[in-house]
Amino acid sequence: MKHIYLNLKRFDVPAELGGVNRIADMKEWGKYIVENTQEELKKYSPEEVEFAMFFPEIHLFSACQAKTENSPVQVGCQGVFRDDVAPGKNFGAFTTGRPAAAMKAAGCETVIIGHCEERNNLAGILAEAGVVNTKAINTILNKEIKSAVDRGMKVLYCIGEKSEELEQWQEVLGEQLELGLKDVDKSMVTIAYEPVWSIGPGKTPAGKEYITKISKFVKEKTEGMDIVYGGGLKQDNAAMLASIPEIDGGLIALTRFQGEIGYYPEEYLEIISLYMNA
Ligand SMILES: O=C[C@H](O)COP(=O)(O)O
């Protein structure tokens with residue numbers, strides 16, 4: 001079974017406000033994305049591949065409501081809080097947080113946790129106190145994963161090493177896996193590998209040999225969990241990634257990297273076609 005994930009980050013911000021959204025009005029954005037992909041995605045066998053899309057919270061209802069019967073689109077959110085609502089305990093006092101109970105009630109089947117942008121945010125808070133502590137970050141992410149899984153949500157757990165961690169990649173990824181997945185029901189989790197050092201303009205993309213080495217390491221460490229490439233999956237690397245047996249899919253984000261950069265549904269479908277038909 002392959003897995004194709006879509007990280008929509010904050011690609012909803014209109015271009016006139018400095019963002020990359022040129023496809024739909026903010027109020028219609030979630031609906032627009034589901035409506036312009038689900039019929040084409042129905043052409044793939046659900047036994048062969050699953051599709052999940054991680055929306056910013058404000059688009060969840062619009063995205064869920066746009067789903068037709070037998071839609072292959074799984075709607076997901078971009079994080080859950082480490083603590084959750086519980087009878088007799090916290091009834092919902094979570095200003096700015098996203099308890100898993102709320103995300104589940106809003107229609108989310110799945111969630112992305114530990115993306116390098118989330119890890120950077122947590123590291124930035126620690127840095128304000130002059131602290132560097134990856135163990136604390138991985139422990140918080142572990143709580144988030146458990147919170148989501150306890151509510152029956154599937155999790156895409158992102159791991160990856162930064163440029164200054166390249167020499168210690170085994171220790172870095174090992175800690176992310178060991179602490180992040182501690183006491184977690186692994187059947188609910190897929191791993192996304194993001195070589196953080198290779199993401200972004202001007203960076204050298206990770207090659208096939210390197211990605212193969214890492215995916216073998218992850219499979220060994222996790223007793224064969226599914227792993228997708230999160231660097232991310234795009235037109236340029238779809239065929240290469242499809243040729244790596246240890247890679248079980250991809251995480252798509254931007255679909256256009258030059259000119260009017262952004263996320264465009266027709267280009268997303270083209271990337272999937274290139275990957276699935278390679
Ligand atoms: O979530 C995916 C990775 O951050 C890669 O994103 P990108 O393909 O938009 O650079």
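Residues numbered from 1 in each chain as written. Predicted model: local features only at pLDDT ≥ 70, side-chain atom pairs only at ≥ 80, totals over all residues. Heavy atoms only, no water.

The name given to the chain in an unreviewed UniProt entry is Triosephosphate isomerase, and the organism recorded there is Blautia hansenii DSM 20583. As its UniProt record puts it under Subunit (unreviewed entry), the chain is described as follows: "Homodimer." According to the UniProt record, the Sequence similarities (unreviewed entry) comment for the chain is "Belongs to the triosephosphate isomerase family." (UniProt positions renumbered as here; feature names shortened; annotations may be inferred.)

Here we come to the nonpolar core. Nonpolar side chains tend to gather and get buried jointly when the protein is soluble and globular. In this structure, Phe55, Tyr157 and Tyr268 are the most contacted members of the largest nonpolar core, which totals 73 residues. For this core, the leading source of residues is helix 10 (residues 265-276), giving six residues. (Core = buried A, V, L, I, M, F, W, Y, C linked by side-chain atoms within 4.5 Å. Buried < 20%, exposed > 50% of the residue type's maximum accessible area, 1.4 Å probe, protein only. Helix = DSSP H or I, 4+ residues; strand = E, 2+ residues; numbered from the N terminus.)

For the rest of this paragraph, the subject is the pairing of strand 3 (residues 73-77). Summarising burial for strand 3: five of the five residues are buried, a large majority. By the bridge criterion, five bridges tie strand 2 (residues 49-55) to strand 3 in an arrangement that is parallel. Residue Ala52 lies in a different strand from strand 3, and its bridge partner there is Gln74. A crossover links strand 2 with its parallel partner strand 3, the connecting element being helix 3 (residues 60-65), and its sense is right-handed. Alignment of strand 3 against strand 4 (residues 110-113), held across two bridges, turns out to be parallel. The residue of strand 4 that forms the bridge with Cys77 is Val111. Each parallel crossover has a hand, and the one from strand 3 via helix 4 (residues 100-105) to strand 4 is right-handed. (Pairing = 2+ DSSP bridges. Right-handed = clockwise from strand over helix to strand, strands pointing away.)

Moving on, we come to the environment of Gly250. Of note, Gly250 is situated in strand 8 (residues 249-252). Residue classification places Gly250 among the buried residues on the basis of a relative accessible area of 0%. Excluding residues within four positions of it along the chain, Gly250 makes contact with His3, Ile4, Tyr5, Val228, Tyr229 and Leu233. (Contact = heavy atoms within 4.5 Å.)

Surrounding the ligand, one finds Asn7, Lys9, His115, Glu194, Ile199, Gly230, Gly231, Gly232, Leu251, Ala253, Leu254 and Phe257. Between the ligand and Lys9, the relevant distance is 2.8 Å, taken from an oxygen atom to a side-chain nitrogen or oxygen of the residue. For the ligand, whose free accessible area comes to 300 Å², the fraction covered by protein is 94%. Split into classes, the residues belonging to the shell around the ligand amount to five nonpolar, five polar and two charged. (Near = heavy atom within 4 Å. Polar contact = N/O pair within 3.5 Å; in protein donor to acceptor, adjacent residues only side chain to side chain. Areas by Shrake-Rupley, 256 points an atom, 1.4 Å probe, with all protein chains shown as cover. Nonpolar A, V, L, I, M, F, W, Y, C, P; charged D, E, K, R; others polar.)

With that settled, consider the pairing of strand 6 (residues 189-193). In terms of burial, strand 6 is a largely internal element, five of the five residues being buried. Side chains of strand 6 alternate between two faces, with Val189, Ile191 and Tyr193 and Thr190 and Ala192 buried alike. Pairing between strand 5 (residues 154-159) and strand 6: five bridges, direction parallel. Bridge pairing links Leu156 to Thr190 in strand 6. Assessed by its sense of winding, the connection that carries the chain from strand 5 through helix 7 (residues 169-180) to strand 6 is right-handed. Sheet topology places strand 6 next to strand 7 (residues 227-229); three bridges connect them, and they run parallel. Counted as the bridge partner of Ala192 is Val228 from strand 7.

Following the sequence through the fold, Asn138 ends up in helix 6 (residues 134-150). Here the side chain of Asn138 touches Glu175 through a polar contact of 2.9 Å, side chain to side chain. Those residues within four positions of Asn138 in sequence are excluded, and the remaining contacts are Arg119, Tyr157, Glu175, Gln176, Leu179 and Gly180.

Counting across every chain of the model gives 16 salt bridges. Between Lys27 and Asp25 there is a salt bridge, with its nearest N and O atoms 3.6 Å apart. On the accessibility criterion, Asp25 (45% relative accessible area) is partly exposed. Glu178 is the salt-bridge partner of Lys221, the closest N and O atoms lying 2.8 Å from each other. Of this pair, Lys221 sits in helix 8 (residues 208-221) while Glu178 sits in helix 7, and the two are 43 residues apart along the sequence. Judged by its relative accessible area of 40%, Lys221 falls in the partly exposed class. Within the structure, one salt-bridge network assembled from shared partners comprises Glu28, Lys31 and Glu35. (Salt bridge = Lys/Arg side-chain N within 4 Å of Asp/Glu carboxyl O.)

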